[in-house]
Each structure stands twice: as C-alpha cells, then as structure tokens.
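Tertiary structure, described
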Amino acid sequence: MNPFMKISQVMRLAYKKHILIPAFNVAYLPMLKPISDALSECNTIGIIEVSRPDIMNFGAKSIEAVAAEYEKFANEKFCFLHLDHVPVIDENFTDVDWEQWIKNGIELGYDSVMIDGSRLSFEENIRITATVVEMAHRNGVCVEAELGSVLGHENKKLPPYEEIFEKKIGFTQPEEAKIFVEKTNVDWLSVSVGSIHGAISGAAKNQKKICARIDIKHLAEINQKTSIPLVLHGGSGIQVDCIKEAIKNGITKINIGTEIRQAYEQVMESDQKIAEKMVKKAVMGIIDSYQIYNSADVLLT
Ligand code: G3H
Ligand code: ZN
C-alpha cells in the first residue's frame, strides 16, 4: 500500500478538480519501470495496473510478480498499484475464482482492485461487487466495478463500431448506475459510453484500434446520477477531444493497455532496452496529449 498518499483521497480530489489519472496496464514485467519513470519525470500522478488478461494472455506472469517488480522499481510518490479486471466470468465465458484473486491482491498490498461483473446479471453484479467492497474496505483497499459492458476482450467478432455506438450496445444505464452505486458502495465505476477494449487474442491483438468516441450526453447523465469518479476502459486510441469533454463529465481514470503493449511488442524480441524506451515514450505521449503534466502539484496539496 502506498506510504505517501491514499488512492481514495487522490481519486476524489481528481474527480472534484476534473484532473485525469491515467492507468497503464503492465502486459510484460519490464514495462513497469518505464511507466513509473515517465510518471515521475512528468510530475504526473498515475496508476500502474495489471489485469487477469495481462497475465493469462501476455507476459505479466502473476500478480505476485507484478507486485515484486513494483516494489523494486516504482516511485510511489507518483503512482499507485491497482489490480485491474478480475472477471467473475472471463472473456471465454469461463467461471473465474475471483474471490481468490481479490484476496491475493489485498494481501499483496495493491491499493485498489477491480471486480468485473460485466458479464453477470444486474442483480448478481450488485451482489458480488458488494461482497468485494466489504472485503476490500475492511483492509483499506478501494474497489472499482463495471456496470454495462465495455466490449472487445471477448473471443468473438464484434458488431461494427458504428453499430455499437448508435445502438448503445453494452452501454451503462444511468438509472441502474444510481442503484448500483447506492447498493454496493463501490469507490469508482467503469462505465460503457462508447469506448471498446483492444483485442487480446488472435491476429486482432496486433492491429491498430479504431478511433472510438464517447457519448458525452449519456456520460453526463450517469455522472449526474452517481457523483463518484468514473472510469473509461479501452483507453487506447479514443479521440482526444472526446476525452477532454469526458473529464469534465466525471471521467477520472482512464485505462490504457493496447497502445503501450503494442509499442513494447514491436521491438521486445530484437532489442529489450529499446522496447522499454518505446513504452516510456508512449506513456509520455499520452500524458502530453491529455495535458496532465504536473498533476502532482495539484493533487498532492
Ligand atoms: O483494463 C484495461 C483497459 O481497459 C485497456 O484498454 O487495451 O483498449 O487500451 P485498451
Ligand atoms: Zn479494461
């Protein structure tokens, strides 16, 4: 757990002040240090995270291995450690021992954990999220959940993006979000409002993502009904203007995986050092495009 600052306080303040906290997925262990270095050099507060898909599909190895790498290389004056996507039912529609994953994350000192009940019914999602909140809060750990469904991780073909956006496929329902937050006491919520996840299997995992947009009106309605920090998954490749508007309407954390993973994978086999530099450059580019240099000056006062 971060000894310098509390993730709950920083997220609340960021939400209030409309400052974006970027969260970077570690798909391979050597990506962690360049992410942390970029955050320190830019004086930006961010989150380093690993998801079950990063471990199962790529080279993050285990949540223990990521915690050890974090302990060795992270500068905790600028970052937190988050356990991303612990699905109850995974992208291949298999049941997951989510309770064990969450318990391990809490024991290993992760600052926050995400229970992903997006493939469950509304009632089951509430029930399991509330259980995780209870378990995590007892240990001073924050919880992120997902309501609605940010598509793209599933091992099946997606409808065309325009159809997803126009028909609002998987979108979070504002009224359900209100009830969900009240009943679970979750700390922040991943919402589906136009973004999609980069693919994590097959040939598609190497392709450039489509440039997604955000339904700002829909997001504003969710924000108005929930009043807690909201999270944008599938952060790679979203139109920057949309992100800027989204920040004004409750988005506080953005998850970025594909963009930095692909930067690393392009050279990881030929030159490890350059691959790490590519990650740092990509993270700095993201910080630059969202204009969140020096966010530490505001968030740590
Ligand atoms: O939880 C991880 C993120 O949602 C990453 O999404 O790979 O599309 O950037 P992305
Ligand atoms: Zn995600």
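For the structure, check the block above.
Let me begin by describing the structure that accompanies this report. (Residues numbered from 1 in each chain as written. Chains lettered and ligands numbered in written order. Predicted model: local features only at pLDDT ≥ 70, side-chain atom pairs only at ≥ 80, totals over all residues. Heavy atoms only, no water.)

1. Quick notes on helix α8 (residues 174-184)
To be explicit about the condition: Accessibility here uses a 1.4 Å probe with only protein chains present; expressed as a share of the type maximum, an area under 20% marks a residue as buried, one over 50% as exposed, and anything in between as partly exposed. To qualify as a helix, a DSSP run of H or I must reach at least 4 residues; to qualify as a strand, a run of E must reach at least 2; elements of each kind are numbered from the N terminus. Here the arc refers to the directions that run from the helix axis out to each C-beta atom. In this description, contact between two residues means that some pair of their heavy atoms is separated by no more than 4.5 Å.
Within α8, the full set of buried residues consists of Pro174, Ala177, Phe180, Val181 and Thr184. All buried residues of α8 lie within an arc of 110° about the axis, which places them on one face of the element. Facing away from the buried side of α8 by over 90 degrees, the exposed positions are Glu182 and Lys183. Contacts made by the buried residues of α8 are with α6 (122-137), β5 (142-147), β6 (188-191) and α9 (216-226). Directly beyond the C-terminal end of α8, a positive phi value near 65° is found at Asn185.

2. Quick notes on the state of the cysteines
Formally: Counting rule for disulfides: a pair of cysteine sulfur atoms within 2.5 Å.
Counted by the stated rule, this structure contains 0 disulfides. The thiol of Cys211 is not disulfide-bonded; the next cysteine sulfur, from Cys242, is found 8.2 Å away.

3. Comments concerning the nonpolar core
For soluble globular proteins, the rule of thumb is that nonpolar side chains tend to be buried together. Test applied: Residues enter a nonpolar core if they are buried and are Ala, Val, Leu, Ile, Met, Phe, Trp, Tyr or Cys, with the set joined through side-chain atoms within 4.5 Å.
Counting 104 residues, the largest nonpolar core has Ile35, Ile115 and Leu189 as its most contacted members. Looking at this core element by element, the count peaks at 7 residues for α6.

4. So, the pairing of strand β3 (residues 79-87)
Note the cut-off: Any two strands with at least two DSSP-identified bridges between them are counted as paired. Handedness rule for crossovers: strands pointing away from the viewer, path from the first strand over the helix to the second running clockwise, crossover right-handed.
For β3, a buried count of 9 out of 9 residues is recorded, marking the element as mostly surrounded by other parts of the structure. Here strand β2 (residues 46-51) pairs with β3 via 6 bridges, running parallel. Note that in β3 the partner of Ile48 across the bridge is Leu81. By the bridge criterion, 4 bridges tie β3 to strand β4 (residues 112-116) in an arrangement that is parallel. Bridge assignment links His82 to a residue of β4, and that residue is Ser112. With helix α5 (residues 98-107) bridging β3 and the parallel β4, this β-α-β connection has right-handed handedness.

5. Thoughts on the sheet that holds β3
Going by this rule: What counts as an axis is a line fitted to C-alpha atoms, over the stretch in contact for a helix, and the angles between N-to-C directions run from 0 to 180 degrees.
Spatial strand order, β1-β2-β3-β4-β5-β6-β7-β8: 8 strands in a closed barrel with parallel pairing. With direction set aside, neighbouring strand axes in the sheet form an average angle of 25°. Here β4 runs beside β5; their pairing, made up of 4 bridges, is parallel. By the bridge assignment for β5, Val113 is matched with Val143. Contacting β1 (21-25), β2 and β3, helix α2 (residues 32-42) crosses the sheet at an angle of about 165° to β2. Docked against the sheet, α9 engages β6, β7 (230-232) and β8 (251-256), running at close to 150° with respect to β7.

6. A short note on the packing of aromatic side chains
By convention here, two paired aromatic rings are described through the distance between centres and the angle between planes. Note the threshold: The pairing test for Phe, Tyr and Trp rings, Trp by its six-membered ring, is centres within 6.5 Å, and the orientation test on the planes gives stacked under 30 degrees, edge-to-face over 60, and tilted for anything in between.
Per the stated rule, a full pass over the model turns up 4 aromatic pairs. When the centroid spacing of 6.3 Å and the interplanar angle of 85° are considered together, the rings of Phe165 and Phe171 count as edge-to-face. Through a chain of ring-to-ring contacts, the aromatic side chains of Tyr28, Phe58 and Tyr264 assemble into a single cluster.

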